[in-house]
Amino acid sequence: MIKFKLNGKIVETDAPATARLLDILRDELDLIGTKEGCGEGECGACSVFVNNLLQNSCLIPIGSIAGADVQTIEGILETDQFKILDECYSIAGGVQCGYCIPGMIMASAALLTKNPHPSEEDIRDGISGNLCRCTGYNMIVEAIHLAARKGDGIWQRK
Amino acid sequence: MAEKITAYRFDRLDQTLNQLNSEDCAIMAGGTDVMVLHKSRRGVPPKIPKPVVFIDHLPELKQVYRNHKDLHIGACCTYGELLEHPLIPIALKNAIQTIAAPAIRNRGTLGGNICNASPAGDTLPLLYIYNAKLQLHSVSGIRTVAISDFIQGPRRVNRLQNELVTEIILPAVLDDESHVIFEKVGNRNADAIAKVSFAGLIRVSKGHIDDIRFAFGAVGPTMVRSSQLESLLLGKTLPLTQTDITQVVTAFDKIINPIDDHRSTAFYRKKVALNLLHYFLSLKHDQPNQ
Amino acid sequence: MNLKDISTSVPKKDHKGKVSGQLPYISDKKLENMVYGVLYRSPIAYGKIQSILLPHLPEGYEAVGADHIPGPNYVKIIKEDQPIFANEWVHYIGEPILMLVGKELDILYSLLKEVTVEFEEHRAVYTLDEAIKQKSTSTMASYEFGESLDSISAIEQGAHHIIEEEFDTGYQEHVYLEPQGMLAIYKEDEIVVQGSMQCLYYIKDALLSALACGDDEVRVIQSPTGGGFGGKEDFPSMMACHVAVAARALKKSVMLVFDRSEDMVVTTKRHPAKLKYRTAIDKDGNILSMCVDIFLDGGANAGLSSVVLQRALINSAGVYKIPHFHAKGYVLKTNTVPNGAFRGFGAPQSFAGIEGHMSHLSNLVKIDPLEYKRKYLVKQGDPTITKGKFHEPILMNDMIEDLLKVSDYKKKKEAFQHFNQQSQRYKKGIGASLFLHGCGFTGSGEKDHIKATVKLVKSKDDRVSLKISNSDMGQGILTTLSKIVAKGLDLPYEEIHYPDPDTKDVPDSGPTVASRTTMIVGKLLERAAKKLKVQWQAGVEQGIVEHYVHREMIPWDEKTFTGDAYPAYSWGINIVEVEVDTLTGNVKLKKVYGNYEVGKVIDERIMKGQIDGGLAQGLAYGYLEKMTSKEGRIQQKSISDYGPPTSLDVVPIESKVFDNPYADGPYGAKGAGELTLIGGAPAVQAAIEDALHTSFQQIPITPEVIIESLWMKEGDEA
C-alpha cells in the first residue's frame, strides 16, 4: 500500500508503484480538476503541488511520492490565494475553453508564492510549461499581474 | 492479465546498492525521462520492463559541496534546487534554465539528464567542457569516470548493472576566471528539445589563451568535442585571426555529422553549429562570468 | 447588470466551473458499467484488407467493426467516401478498422497489439506534388471562375513583364487542450451521445444514417468543450458513430477518448496548399491581370474540402481589386490523414499567398509593400471577384492610417534599415498584412443547407432559456449570446439560461463554424428576444421561434461560382516587428499590432481574447508551427515536436476595434472568430522579409528555411 497526504488528508492506494499520480487522482479518488492534455509533461493540464512544488502528475509514479504532501486544485479552492486568482482571471478575461485553467491556476499560485512581485518575464517563465491554445497567454499574464498587485501581502504567507 | 510490477524505495543508499547488486533494475530519479520513454497510453502506468528502484529521495544523493576548487553535485539534485544553490556556476544555471519548464525542473535531476544520455541533453555540452567526472557507487566500492567516457552513445552509458551515479564532480570550476557561454537552439522558447547546442569556455591570462574548450550537442550521437582542435588555439592572442578561426571551423565541419529528423535537418544543424563556433571564436572580450 | 452599451465586458457565465476545475468535460465523466473503446488503425497508407485475425478476447471484451453498423458504412458529411470502420480498402495510415471494447484500458491496449490484419498493399500517393501530376484521377473537387483565359492571354501580350510565383503553405494542427472524446450511453429506447464537439446536428445526422434509426432513437448532447478551432467540426461525427454503433451492438455505454499522440497523428488538419500566381504588370509595376491556381491537399477523403477550396478561391485576390482576374482550384486526394476545418478554412492559405505575392511585386518597383497594396484596396461598391459586391462601408483606409501612426511604421522601417547595416548577428524588420473574412457559411449555405432556427422559451416562473445548437468551445458564446438576448429583453444577462445543447430540446441553429454564430444565430436571437419582450406575459409559459431570413443581394450560384459569397465581411490589418538571429535563424516577435472591424463588439474582453488567441495561432502558422508527413505518416507525435507557442513565444498585442454597425447583425455585430488568425502569417512573413531583404515562397518560415536562404544569399554574393 502506498500512502500519501492529499489535500490535507492521508490517502492510500494499492495501485502499483509505477501508476501515474494523475490516474490515481482521477480514477481512484474521483478528483477531476487535474486533467490529461498530453500524458508527457508538455502541457501542464495535470499540474499539482508535491511538497509545495509545482509538478506534472502525469510523470509522477506514486511510489516516488510515498509520504509526500500532495495538493490538487481541489485542495486550494478555499484559500485566499485561490480566491484572488479566481477574481483576477475573471477581470482580465483569461478563461476561454477552460481546459488549461486549473493547471494555470496552480502554476500562478506556485509562481506568486515564490515570487510575490514578478516581472512580466518572470510570469511568462512561471507559466511556460502550461500550454494554452485559446488565449494567446496575454490575458492570463495580465490576470497574474493583477493578482500580484491585488493580493499584495497574501502571497508572502504560506 | 495483471502484470507483477516490483518497485523498491529504500531509506538509505547502501540498501539501494544492495538491491542493484542483486537484480537488474530500472533506476528512477525524477522520472521526467523514464516515464516518457516507457509511456503507454492514457489511463495506465508506463510499461517498465524491469523492477524499479526509486532514488530521488536519498539524502546521500542530494549534497552540493565544495572540495577545494572542485564542485560536487549530488546526482539527484533537481534542476530547481540547483537554480537556487549559490555554489552552482552561472553558466550551468543558464543552461538549466533552458530545460523544459518549471514543473519539469522541479523533478528532473542532473544525474538523470546524464544517464539518459540523449544526444540533445541540455546540460551535457557544458558538463563536457567542464571536464565533468562522475562518481559511481556500488557494493564493491567507488569508481570515478570522465563524462566523455561514461556516455557512449544515445541512451548508452558505462554503468554496470550494480552501479549508481551518486555525484557529478566539476573539477577546478569554483573561483575560476574563465568565460563560459552556452547556447541552446530549439524550435521555441520553452519545452523545446535542442536542435543544436553549443558550450564554449575560454580563459585568457596576460593576453594569451590559457585554456579554450568547446562542445556541441544534438549534432551527433554524443557530444562533439576535440581536445586536439582546442590545443591548436592555446597560447594565441585575442582577437584570433581570421585564418585561425577558419582553420578551426573548417576542421569542425569535417567532424560534425548531424542527421535529418522530424525536428530539423542535417544542413541546418551543421550550419548553425559552425555559426555559433565562429561567433564564439570571434568574440573580442573574455571576461569571467561566474 | 443591465448594460447600456452591450460591448461593456461582463464576467463570463461559466467562469466558476472552469477556474475550479469542477466543470466536467467528457473524459471527466464516469458511468457505472461504462466500457472503453480503443481503435485498431491501419498501419498502411493504401491497400485492401484481406483478413482480420483477432486474439482470444476475454469475457467482457468485444470487437466492433463494419458488420455492426445497421446503416451504410460511411460518415455522413458531404461525400460518401469516409467509412466508419474501413472494411475493404484503407486509404491512410491511421484509418480506423475496428474497435476493441472493454472495462480495463490496460487489457485493451494489450489486446490491440495482438490484432493481426493482412493487407494487399498498393502504391500510395504521398505528396501534393505527386497528386498534382495525376490531377485527372486524384481531383476530389474543383472550381474555376473569373475572366476567360483568352482575354487574360491578350492582356499578357501587351504586358511589360509577367511574374510567376509558386507558394507553399504547410499543415497546421489545432492542439486544442482537450483531446477528442465521445461517449455513447446505452438506453433501451435511445442512444445518447455526449462529447466534445462544435456541431450538434452534424453528429445527429451522421448517427441517424449510421444507426438507420428513427429521429427519437438517438439523442446528442454537447459536453463542455475544451477548444475546437475547427478540429471538432466534422471529425467528432466519426467517433460518435464508433461509440454509438458499439453501444447499440453491445448494449453497453462506450467511452472513446484519444491520447494526445493519437490525436496529433490521425485527426483532421489545415489543408497544406500550393498557390501559383501569374501576374502581368506594366513598366511602372501596375497590375494588368492576375491568374491564381490553388491546389489543396485533401488527404484520403473529401470531408469538408470542397468548401475549404471555395473559401480559399473566394479569398484568392485578398482585399484587392485586381483588373482582369482568373482563379482555378483543386482539392487533390493523397493517401495521408484527411484534412478538414481550421479557423480560417482556406482563407489563411490564400492570404499568406496573395499578401506575399503583392509584397514581391512591390519589391520589383521598389515601393514599400504596404503603400503598393493600398493602391488596390477595394472600396465600398466595388465588385468582388465572384461578381458579388462589397455592399457595406469599408473602413480599411482609416484603420491603416491609424495603425501606421500607432506603430510608427515608416520611422521604424527606416531605423531598422540603419540598424541592420551595423548589426551583424541580429536583423530587425517590420511588416504588415491586410485581410478580410466573409462571415457566415460560404455561398448559399445559410439559405439552402443550414436554414437556422432558434427558439427562446420562457417558463411559468419567467425564466428565459436559449434553445440553440451552437457550442461554446471557449469563444464565449455562452456569455455573448446571453447578453444579446438579455439586452433584447431588458433583463440581466445572468438570468438568461443557456443549457448545454441537447437535440431533444433545441432546434438546429446550424454548426458553430464560419464565424456565423454571433452574426447569424445572434441576429435570430435578437429578433426573438425583442418579440418576446413585446409579447411577454408574466407567469405564462411562452416560446418564440425564429427562422433564418435571407436578405437577397446578388444570388450565389455554385455552378458558375458567382454572386455574393457572404452577406458581410469583417476586416483587419496587422503590423509586426521581428528580430531575426542570423546565426540560428530563430525569429523573435518584438511588437504586434492589430486593427480590426467586426461591426460591433458584443463583449470587449471576449473580443480581445479572440484577437490575442487567433493572432497567436496565425503568427505561429507563419513561422513557428511545423508538421510534416513522410510516406503517409505524420512525423510530429508530441506537442513539443510540433511547436505551438508557449507564453515565452508571444508578446503583448496592441489592438483596436473599429465600430461599423451592420444592420443584419445583432446590435450591429458581424463575425470575428476567424478574422484574427488570418493576418498573422502574412504579417510575420512581411517582417522577416523586411529584416533579411529576402523573399520567401513558403510558410512556415522556419529557422531551417531562413538559414538555407541566408546561405544561398551568401553564395550569390560571393
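Keep in mind it's a predicted model, so treat the numbers as computed, not measured. (Residues numbered from 1 in each chain as written. Chains lettered and ligands numbered in written order. Predicted model: local features only at pLDDT ≥ 70, side-chain atom pairs only at ≥ 80, totals over all residues. Heavy atoms only, no water.)

Once that is clear, we can look at the overall build of chain C. Counting secondary structure elements, chain C contains 21 helices and 25 strands. On C-alpha atoms alone, chain C measures out to a radius of gyration of 26 Å, which is about the 27 Å that the 2.2 N^0.38 rule sets for 718 residues. Based on the C-alpha atoms only, the size of chain C along its principal axes is roughly 75 × 70 × 50 Å. Here the contacts in chain C between residues at least 6 apart in sequence split such that 81% fall between residues at least 24 apart. Just so you have it, chain C exposes about 25000 Å², and 50% of that area is on carbon and sulfur atoms. (Helix = DSSP H or I, 4+ residues; strand = E, 2+ residues; numbered from the N terminus. Rg over C-alpha atoms; globule rule 2.2 N^0.38 Å. Contact = heavy atoms within 4.5 Å. Areas by Shrake-Rupley, 256 points an atom, 1.4 Å probe, with all protein chains shown as cover.)

All names here are of chain C. Core analysis: the largest hydrophobic core is formed by 143 residues, its most contacted members being W571 and I688. If sequence neighbours within four positions are ignored, I688 has contacts with V578, V580, V587, Y623, F696, I701 and I706. If you look at the next biggest cluster of nonpolar residues, it comprises 103 residues, including L39, I191, A240 and L256. (Core = buried A, V, L, I, M, F, W, Y, C linked by side-chain atoms within 4.5 Å. Buried < 20%, exposed > 50% of the residue type's maximum accessible area, 1.4 Å probe, protein only.)

To continue, consider the domain arrangement of chain A. Residue and element names in this part refer to chain A. Under the domain assignment used here, chain A contains domain 1 (2-75) and domain 2 (78-150). If you average the C-alpha positions of domain 1 and of domain 2, the two centres end up 21 Å apart. Contact with domain 1, which involves 15 residues of that partner, is made by 12 residues of domain 2. Taking both partners together, domain 1 and domain 2 bury about 1100 Å²; carbon and sulfur atoms supply 69% of that area. Together, F49, L54 and I73 form the three largest contributors to the area buried by domain 1 at its contact with domain 2, with a combined 40%. (Domains from an automatic or database assignment. Buried area = accessible area lost by both parts, 1.4 Å probe.)

What follows deals with the environment of E717 of chain C. If you trace the backbone, E717 of chain C turns up in helix α21 (residues 703-717). Separated by 242 residues in sequence, E717 of chain C and Q475 of chain C have C-alpha atoms that sit 50 Å apart.

This part is about the interface of chain B and chain A. Note: interface size is frequently given as the accessible area lost on complex formation between the parts. Across the contact, 31 residues belong to chain B and 31 residues belong to chain A. Across the chain B to chain A interface the summed buried area is about 2400 Å²; carbon plus sulfur atoms make up 58%. In terms of surface lost to chain A, no three residues of chain B exceed M35, N106 and R107 of chain B, which account for 22% of the buried area on that side. Ionic pairing is found between R105 of chain B and D125 of chain A, a salt bridge with its closest N-O pair at 3.3 Å. On the surface where chain B and chain A come into contact, there are 10 residue pairs in polar contact (both at pLDDT 80 or more). Listing elements by their share of the side of chain B that touches chain A, those giving two or more residues are α2 (34-37), β3 (52-54) and α5 (102-105) of chain B. (Salt bridge = Lys/Arg side-chain N within 4 Å of Asp/Glu carboxyl O. Polar contact = N/O pair within 3.5 Å; in protein donor to acceptor, adjacent residues only side chain to side chain.)

What follows is about the interface of chain C and chain A. Taken together, the 54 residues of chain C in the interface contact 48 residues of chain A. Carbon and sulfur atoms supply 54% of the area buried between chain C and chain A, which totals about 3900 Å² over both sides. When the area that chain C buries against chain A is broken down by residue, the three leading residues are V19, L177 and S647 of chain C, summing to 18%. In this assembly, chain C and chain A are joined by six salt bridges. Taking the shortest distance from any N to any O, the salt bridge between D30 of chain A and K30 of chain C comes out at 2.3 Å. Counting every contact that joins chain C to chain A gives 30 residue pairs in polar contact (both at pLDDT 80 or more). Broken down by secondary-structure element, the contributors of at least two residues to the side of chain C that touches chain A are α1 (15-20), α17 (604-623) and α18 (639-642) of chain C. Ranked by residue count, the leading element in the side of chain C that touches chain A is α17 of chain C, at eight residues.

Okay, the packing of aromatic side chains next. If you walk through the whole model with that rule in mind, you get 20 aromatic pairs over all chains. Between F214 of chain B and F252 of chain B the ring centres are 5.5 Å apart and the planes differ by 70 degrees, which places this aromatic pair in the edge-to-face class. One end of the pair, F214 of chain B, is in strand β13 (residues 208-217); the other, F252 of chain B, is in helix α10 (residues 242-255), and 38 residues separate them in sequence. Each member of the pair, F214 of chain B as well as F252 of chain B, carries the same accessibility label: buried. With 6.3 Å between their ring centres and 65 degrees between their planes, F435 of chain C and Y596 of chain C make a pair best called edge-to-face. Residue F435 of chain C is found in strand β16 (residues 426-439), and its partner Y596 of chain C is found in strand β21 (residues 587-597); the two are separated by 161 residues along the sequence. Here the two residues F435 of chain C and Y596 of chain C agree in accessibility, since each one is buried. (Phe/Tyr/Trp six-rings, centres within 6.5 Å; stacked < 30°, edge-to-face > 60°.)

All names here are of chain C. Two elements in contact, helix α6 (residues 200-211) and helix α7 (residues 235-250), have axes whose closest approach is 9 Å; the angle formed by their N-to-C orientations is 40 degrees. On the basis of the axis angle, α6 is oblique to α7. The element α6 and its partner α7 pack so that their crossing is right-handed. When α6 is examined against α7, the residues Y202, I203, A206, L207, A210 and L211 are found in contact with a partner set consisting of P236, S237, A240, C241, A244, V245 and R248. Taken together, the residues that form the contact of α6 with α7 break down as 11 nonpolar, one polar and one charged. (Axes fitted to C-alpha atoms, helices over the stretch in contact; angles between N-to-C directions. Parallel < 35°, antiparallel > 145°, perpendicular 65-115°, else oblique. Left-handed = near helix turned anticlockwise from the far one by under 90°. Nonpolar A, V, L, I, M, F, W, Y, C, P; charged D, E, K, R; others polar.)

Looking now at a negative patch on the surface. A surface patch of negative charge is lined by E12, D14, D27 and E28 of chain A. Relative to the elements of secondary structure, E12 of chain A occurs in strand β2 (residues 9-13). (Patch = residues over 30% accessible without salt bridge, like charges linked within 9 Å, V, L, I, M, F, W, Y side chains within 5 Å. Lys, Arg positive; Asp, Glu negative; His and termini not counted. Charge placed at Lys NZ, Arg CZ, Asp CG, Glu CD.)

A few words on the pairing of strand β5 (residues 96-102) of chain C. Residue and element names in this part refer to chain C. Counting buried positions along β5 yields seven of seven residues, so the element is predominantly enclosed. One ladder, built from six bridges, connects strand β1 (residues 34-41) with β5; its direction is antiparallel. Bridge pairing in β5 places L39 opposite M99. By the bridge criterion, three bridges tie strand β3 (residues 62-64) to β5 in an arrangement that is antiparallel. Its bridge partner lying in β5, E62 is registered against V101. (Pairing = 2+ DSSP bridges.)

A few words now on a nonpolar patch on the surface. Taken together, the side chains of F267 of chain B together with W711 and M712 of chain C define a hydrophobic patch exposed on the protein surface, amounting to about 290 Å² of accessible area. Tracing the chain through its elements places M712 of chain C in helix α21.

What follows covers the state of the cysteines. All names here are of chain A. On inspection of all chains with the given rule, the structure shows zero disulfides over all chains. Here C100 stays free of any disulfide, with the sulfur of C132 as its closest cysteine sulfur at 3.9 Å. For C100, a relative accessible area of 6% corresponds to the buried category. (Disulfide = S-S within 2.5 Å.)

Quick look at the pattern of salt bridges now. Pairs can form between side chains of opposite charge once their charged atoms are near each other. One pass over the full model with this rule turns up 70 salt bridges over all chains. E178 of chain C serves as the salt-bridge partner of K232 of chain C, at 3.3 Å between the closest nitrogen and oxygen. Separated by 54 residues along the polypeptide, K232 of chain C in the loop between β11 (218-222) and α7 and E178 of chain C in the loop between β8 (161-169) and β9 (181-186) bring together distant segments of the chain. Accessibility expressed as a relative area gives 0% for K232 of chain C, which makes it buried. Classification of E178 of chain C by relative accessible area gives buried; the value is 1%. Among the charged side chains, a salt-bridge network with shared partners connects D176, R203, D210, D211 and R213 of chain B.

All names here are of chain B. Strand order in the open sheet formed by five strands is β4-β5-β10-β6-β7, and the pairing between neighbours is antiparallel. If you trace the sheet from one side to the other, it starts and ends with β4 (64-67) and β7 (141-146), each paired once. Sheet twist, expressed as the mean angle between neighbouring strand axes with direction ignored, is 25 degrees. For strand β6 (residues 133-138) and strand β10 (residues 164-170), the ladder comprises five bridges, and the chain directions are antiparallel. Of the residues in β10, the one forming a bridge with L136 is V165. Against the sheet, helix α1 (residues 13-22) engages β6 and β10, with an angle of about 120 degrees to β10.

Residue and element names in this part refer to chain A. The interhelical angle for the contact between helix α4 (residues 101-114) and helix α6 (residues 138-150), taken along N-to-C directions, is 40 degrees, at an axis separation of 11 Å. As the angle between them shows, α4 and α6 are arranged oblique. The element α4 and its partner α6 pack so that their crossing is right-handed. Taking contact as the criterion, the partners of I101, M104, S108, L111 and L112 in α4 are, on α6, I140, I144, A147 and A148.

Residues and elements named next belong to chain C. An order of β4-β2-β6 is seen for the three strands of this open sheet, with the pairing classed as antiparallel. At either end of the open sheet lies a strand with only one pairing partner, and these are β4 (89-90) and β6 (116-121). Where strand β2 (residues 47-53) and β6 come together, six bridges link them in antiparallel fashion. What sits directly across from I49, in β6, is F119.

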